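Coordinate inspection notes
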Amino acid sequence: MSISEDGAVTLDEGLVRFDCTLYREVEAGDHIIVLLQVHAVDTGAEDDAGHPLVFHRSGFGRLERSA
């Protein structure tokens with residue numbers, strides 16, 4: 001994990017990083033939906049060798065291409 005001078009926290013193993021600012025917060029029942037405005041995207045690597053992390057049905061998993 002890395003923390004920028006502005007206090008932004010990123011995962012070092014992440015496939016992509018987004019530079020964002022808060023655009024709006026929307027109340028939705030007992031949740032708050034946070035909308036962000038994206039200013040820049042950093043993919044970090046030249047190739048697409050990584051596999052995305054997925055949160056589904058209250059758990060984490062990974063998507064991988066079949067052989």
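If you're wondering where the values come from, they're calculated on a predicted model, not measured in any experiment.

Details of the overall build of the chain
For the chain, the helix and strand inventory stands at zero helices and six strands. Taken from the N to the C terminus, the helices and strands of the chain come in the order β-β-β-β-β-β. A total of 67 residues make up the chain; the buried ones form 0% of that total. Counted over contacts in the chain with a minimum sequence separation of 6, partners at least 24 positions apart contribute 17%.

A word on a nonpolar patch on the surface
There is a patch of nonpolar side chains on the surface, built from L15, V16, F18, V38 and V41 and spanning about 420 Å² of accessible area. Position of V16 among the secondary structure elements: in the loop between strand 2 (9-10) and strand 3 (17-28).

So, the environment of I3
With respect to the helices and strands, I3 occurs in strand 1 (residues 2-3). Excluding anything up to four places from it in sequence, I3 contacts A8 and V9.

Re the pairing of strand 4 (residues 31-42)
Relative to strand 4, strand 3 runs antiparallel, the two being bridged by eleven bridges. Note that in strand 4 the partner of R17 across the bridge is D42. Between strand 3 and strand 4, which pair antiparallel in sequence order, lie two residues; one of them, G29, sits at a positive phi of approximately 65°.

Basis of the calculations
- Residues numbered from 1 in each chain as written.
- Predicted model: local features only at pLDDT ≥ 70, side-chain atom pairs only at ≥ 80, totals over all residues.
- Heavy atoms only, no water.
- Helix = DSSP H or I, 4+ residues; strand = E, 2+ residues; numbered from the N terminus.
- Buried < 20%, exposed > 50% of the residue type's maximum accessible area, 1.4 Å probe, protein only.
- Contact = heavy atoms within 4.5 Å.
- Patch = residues over 30% accessible without salt bridge, like charges linked within 9 Å, V, L, I, M, F, W, Y side chains within 5 Å.
- Areas by Shrake-Rupley, 256 points an atom, 1.4 Å probe, with all protein chains shown as cover.
- Salt bridge = Lys/Arg side-chain N within 4 Å of Asp/Glu carboxyl O.
- Pairing = 2+ DSSP bridges.

Spatial relationships are all this shows, so hold off on functional conclusions.
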